[in-house]
There are 2 protein chains.
Amino acid sequence: MNDDRMWFDAAVAKLADPQNQRVWSIVVSLFGDLAQDRTARVSGGALGRIIEPMGIKPEAIRVALHRLRKDGWIDSTRIGRVSEHFLTEYGRTRSAQVTPRIYARTPVPVSRWHILIAEDGNGTCTLEKAVQDGDYTMLSRNAALGPGAPQEHADDLLALEVSPQNAPAWLRERLCPPEMRTACASLIGALQQVSDTWPKGWVPTPAQTATLRTLIIHRWRRVALRNPDIPASFFPSDWEEPACRDAVFRVLDTLPRPSLKDINGQG
Amino acid sequence: MNDDRMWFDAAVAKLADPQNQRVWSIVVSLFGDLAQDRTARVSGGALGRIIEPMGIKPEAIRVALHRLRKDGWIDSTRIGRVSEHFLTEYGRTRSAQVTPRIYARTPVPVSRWHILIAEDGNGTCTLEKAVQDGDYTMLSRNAALGPGAPQEHADDLLALEVSPQNAPAWLRERLCPPEMRTACASLIGALQQVSDTWPKGWVPTPAQTATLRTLIIHRWRRVALRNPDIPASFFPSDWEEPACRDAVFRVLDTLPRPSLKDINGQG
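Scope of this entry: the structure provided in the associated data block. In this text, all values refer to a predicted model and were calculated from it rather than measured experimentally.

**Here's the deal with the sheet that holds strand β1 (residues 42-43) of chain A**
Residues and elements named next belong to chain A. Ordered by their spatial adjacency, three strands build an open sheet running β1-β3-β2, and the pairing between neighbours is antiparallel. For this open sheet the edge positions go to β1 and β2 (74-79), each flanked by a neighbour on one side alone. Bridge count between β1 and strand β3 (residues 82-87): two bridges; the pairing is antiparallel. The residue of β3 that forms the bridge with Ser43 is Glu84. Lying on the sheet, helix α4 (residues 58-70) is in contact with β2 and β3; it crosses β2 at an angle near 120°.

Here it is as structure tokens:
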């Protein structure tokens, strides 16, 4: 094992999400990054070449694929001895829904906001329904904040366009909890270490590139999707999500998305 | 007893508040309407001439004055056999606080609004304190609406400037309850009947004018002060408070405020 290979293994360990190494979720991140196209196919061999270096056994990948097929995310075909996996229409739609939030380098600032207020007591059901269907952030048990102008909602919610200025401490704490800060800081640290130690002149194989990209996207996805959709002025001044986003794309830019053909055929 | 006197008694009966004939409260309405000036004095005789025609006994007036003196609203002096009553500094301040809401013919529309949202649980105390101190209307257990731009508030309230458009049914019901509708409609009806039957050419005495004005202001005061301070668009389309206000001032305009000198000296 040469130095580059040792570095690669160390980078993989560093980039692995300390919170979530669920294989089906890693497969979802992988397809979202490399195989969102309607015609994209990932061979069983390619999946192994990308995922096994993360210390995940072939059996665990088979179990994850089984689960994803059952849930309607992924479908598989077999041509001779070669199995091929691809996103279903449903999986592609779900993947496409979150792609903008994960891959936006500079999220477009929201210029209008509104809140929904529910009646005390039984009104909270209607509010929960609205929150589930839309991009809302709960402010309290019966108030939620959402982007855009107030829409036509269930009659029994009070909708008010608002001009947010700043948020009290309890709300910042709730919206930007310590776990998120830790997740941001540790991902920034991991990416920094990978960048700083990158072996001079080393070029990863297409599968290695896919492994590193998948790990980064998988870990970043949880930060990006949990980053609350709230006015910029509501974030604490030391909020690291924007710095984390920058760090993610700085490293991804050195790992251009490989072609599936190269990974499928490799090995 | 001539026809005019019979009409006057009928008008007094018609204008009497069906909900609240508490004498101390009538005395407060009377002083607010006729004797808010720092130098204004109402003789015991004048009080009787204004209030007794409402069917209130002299003893009840004495009890009310006693209570108002004890509460610091009113003070009294006696010069020979003549007692004189007047608002204390405190009574005048309290009276002046509500005067704009009672006597404004066309309330100035509020152009900016904000809401305060409290943290679930212990935050409601801070909200209740803010609501007590200011012109707020509770929207739900932990949200209140107030006029103007968001002020500097206790750090633990979320303050958001809002552009109110319309309100759901439950909120209209809460803010504009049936009792208020009934109070408006019945006062409009009483005023209409008084106007329609007003004896041709009849001119009330200063004390009779004061009796009628006091009754109207006393009953209107309760409507005006309970009318919620909310955006125009939040009222039901058939909300009668503006019509009631118009009716009140239409009749008051035919009953110009008499001079206290005339009533004090009369008899």
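**Topic: the pairing of strand β4 (residues 113-118) of chain B**
Residue and element names in this part refer to chain B. Most of β4 is tucked away: six of the six residues are buried. Alternating positions in β4 separate into two faces, Trp113, Ile115 and Ile117 on one and His114, Leu116 and Ala118 on the other, with burial throughout. The pairing of β4 with strand β6 (residues 143-147) spans five bridges and is classified as antiparallel. Considered in β6, the bridge of Ile115 is made with Leu145. Bridging between β4 and strand β7 (residues 157-164) involves six bridges; their strand directions are antiparallel. For His114, the partnering residue across the bridge sits in β7 and is Glu161.

**Some points on helix α5 (residues 89-103) of chain B**
Residue and element names in this part refer to chain B. Along its 15 residues, α5 runs 21 Å from first to last C-alpha, staying within 8% of the 21 Å computed at 1.5 Å per residue. A bend of about 30° at Gln97 is the largest found in α5, and the proline Pro100 appears one to four places after it. Against α2 (23-34), β3 (82-87), α9 (206-226) and α10 (241-252) lie the buried residues of α5.

**Quick word on the relation of the copies chain B and chain A**
For the pair chain B and chain A, the relating rotation is 179°, the translation along its axis is 0.0 Å, and the fit reaches an RMSD of 0.1 Å. The superposition of one copy onto the other is thereby described by a two-fold rotation axis. If distances are taken from each C-alpha of chain B to the rotation axis, the shortest is found for Val162(B), at 2.1 Å. Taken together, the interface assignments show that 100% of the residues at the interface of chain B recur at the interface of chain A, consistent with an identical surface on both copies.

**Overview of the interface of chain B and chain A**
Listed per partner, the contact involves 31 residues of chain B and 31 residues of chain A. Here chain B meets chain A over a buried area of about 2200 Å², counting both sides, of which 61% is carbon and sulfur. Contact with chain A buries area across many residues of chain B, yet Asp120(B), Leu158(B) and Trp170(B) alone supply 26% of it, more than any other trio. Where chain B touches chain A, the interface holds zero salt bridges. Along the contact surface separating chain B from chain A lie eight residue pairs in polar contact (both at pLDDT 80 or more). The element that contributes the greatest number of residues to the side of chain B that touches chain A is β7(B), accounting for eight residues. For the side of chain B that touches chain A, the class distribution of residues is 18 nonpolar, six polar and seven charged. Sheet topology note: the strand β7 (residues 157-164) of chain A/β7(B) ladder contains five bridges and is antiparallel.

**A few points about the pattern of salt bridges**
Oppositely charged side chains may form a pair once their charged atoms are brought near each other. Residues and elements named next belong to chain A. Per the counting criterion, the structure on display carries 24 salt bridges over all chains. Residue Asp71 pairs with Arg67 through a salt bridge whose shortest N-O separation is 3.5 Å. Here Asp71 falls in the partly exposed class, since its relative accessible area comes to 41%. In this structure Arg67 comes out as partly exposed when scored by relative accessible area, which is 39%. A salt bridge links Glu161 to Arg112, with the shortest nitrogen-to-oxygen separation between them at 2.7 Å. Taken together, the residues span a long stretch of sequence, with Glu161 in strand β7 and Arg112 in the loop between α5 (89-103) and β4 (113-118) at a distance of 49 residues. The structure contains a network of salt bridges with shared partners spanning Asp33, Arg213 and Arg257.

Analysis parameters
Residues numbered from 1 in each chain as written. Chains lettered and ligands numbered in written order. Predicted model: local features only at pLDDT ≥ 70, side-chain atom pairs only at ≥ 80, totals over all residues. Heavy atoms only, no water. Pairing = 2+ DSSP bridges. Helix = DSSP H or I, 4+ residues; strand = E, 2+ residues; numbered from the N terminus. Contact = heavy atoms within 4.5 Å. Axes fitted to C-alpha atoms, helices over the stretch in contact; angles between N-to-C directions. Buried < 20%, exposed > 50% of the residue type's maximum accessible area, 1.4 Å probe, protein only. Expected span 1.5 Å × (residues − 1). Bend = angle between axes of the 7 residues up to and from the residue. Least-squares fit on C-alpha atoms with pLDDT ≥ 70 in both. Buried area = accessible area lost by both parts, 1.4 Å probe. Salt bridge = Lys/Arg side-chain N within 4 Å of Asp/Glu carboxyl O. Polar contact = N/O pair within 3.5 Å; in protein donor to acceptor, adjacent residues only side chain to side chain. Nonpolar A, V, L, I, M, F, W, Y, C, P; charged D, E, K, R; others polar.

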